[in-house]
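An overview of the molecular structure
So the chains spell out like this:
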Amino acid sequence: MEKRVLVLNLDHTPIAVVNVQKAMVLTYLEKVSVLADYAMHSIRTVDREYKYPAVLRLDEYKSVPYRGVMLNRTNLFRRDNNECQYCGSPKQLTIDHVVPRSKGGPTTWTNLITACHRCNVQKGDKRPEEVGMLLSRKPFRPSLSYFLADYAERNASEWIPFLEVKPIQAR
Ligand SMILES: [Zn+2]
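A brief report on the enclosed structure follows.

Conventions adopted
By convention here, each chain's residues receive numbers from 1 onward along its written sequence. With the structure being a predicted model, the display of local features is reserved for residues of pLDDT at least 70 and the display and counting of side-chain atom pairs for 80 or more, all residues being used for whole-chain, interface and lining totals. The basis for the side-chain values is all heavy atoms of the structure; hydrogens and waters are excluded. Think of the donor list as every N, O and S atom within 2.8 Å of the metal, or within 3.2 Å for Na, K and Ca; water never makes the list, so a site can look incomplete. In these descriptions, tetrahedral denotes four donors with every angle between 85 and 135 degrees, square planar four donors and octahedral six donors with opposite donors over 155 degrees apart and the rest between 65 and 115, and irregular any other case. We count a stretch as a helix when DSSP gives it H or I for four or more residues in a row; a strand needs E for two or more, and each element gets its number in order from the N terminus. Under the scheme applied here, a residue whose accessible area is under 20% of the maximum for its type counts as buried, over 50% as exposed, and between as partly exposed, the area being computed with a 1.4 Å probe on protein chains only. A pair of strands is considered paired only if DSSP assigns at least 2 bridges between the two. Here the arc refers to the set of directions running from the helix axis out to each C-beta atom. Contacts are assigned to residue pairs with any non-hydrogen atoms lying within 4.5 Å of each other.

1. Side note on the coordination of the zinc ion
- The protein atoms that coordinate the zinc ion are Cys84 (SG), Cys87 (SG), Cys116 (SG) and Cys119 (SG), at distances of 2.3 Å.
- With four donor atoms in place around the zinc ion and angles of 103 to 115° between them, the coordination shape is tetrahedral.
- All donors to the zinc ion come from one chain, and their sequence spacing reads C-x2-C-x28-C-x2-C. In this pair, Cys84 is assigned in the loop between helix H2 (73-79) and strand S5 (93-97) and Cys119 in helix H3 (residues 117-123), connecting sequence segments 35 residues apart. Each member of the pair Cys84 and Cys119 is classed as buried.

Written out as structure tokens, the structure reads:
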């Protein structure tokens with residue numbers, strides 16, 4: 001899995017997560033300081049070896065409007081621990097509108113959940129209560145901290161000292 005790089009503002013507020021290529025460019029342009037590396041990963045060039053940066057800090061304060069976590073398939077599945085929110089299956093995951101689109105259900109964090117193909121078909125164009133299906137938890141809009149802590153716990157323990165919040169056990 002490709003490593004991600006946490007970018008902190010000058011005041012150490014997390015502001016972005018970028019891929020390693022982007023991180024290397026920022027480092028090359030000397031706009032950032034590397035606060036932590038991934039010990040186990042490096043990039044080899046002709047003349048030297050670079051450690052993968054894990055955490056970068058901007059050298060100048062940047063005013064960043066907080067935009068929240070982008071609603072997309074990957075982030076939705078991640079919020080839901082890559083499990084169907086009806087039966088817990090991790091297989092054949094799809095996106096389900098809890099209140100169906102045909103009944104005016106919006107495409108929002110609080111109306112979308114991860115559902116396996118089987119449950120999605122079973123639920124069809126109904127509300128869960130109409131077909132006797134139960135959600136394992138109420139869908140919510142995740143905060144950036146929630147995501148970062150969750151991600152750090154799974155993939156990037158190097159970030160944890162730079163995150164204020166403790167990793168959350170989702171369940
Ligand atoms: Zn299911």
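After that view, the rundown keeps rolling.
2. Digging into the pairing of strand S6 (residues 112-116)
- Where burial is concerned, most of S6 is hidden: five out of the five residues are buried.
- Residues Leu112, Thr114 and Cys116 point to one face of S6 and Ile113 and Ala115 to the other, with burial holding for every one of them.
- In this structure, S5 lies alongside S6, joined through five bridges in antiparallel fashion. Residue Leu93 lies in a different strand from S6, and its bridge partner there is Cys116.

3. Notes on helix H1 (residues 20-28)
- For H1, the full list of buried residues reads Val20, Ala23 and Leu26. Along the long axis of H1, the arc covered by the buried residues comes to 120°, so they all point the same way.
- Those residues of H1 that are buried lie in contact with strand S1 (4-8), strand S2 (14-19), strand S3 (32-44) and strand S4 (49-58).
- With its phi angle positive at about 60°, Glu30 sits one or two positions after the end of H1.

Nothing here speaks to function; it is geometry throughout.
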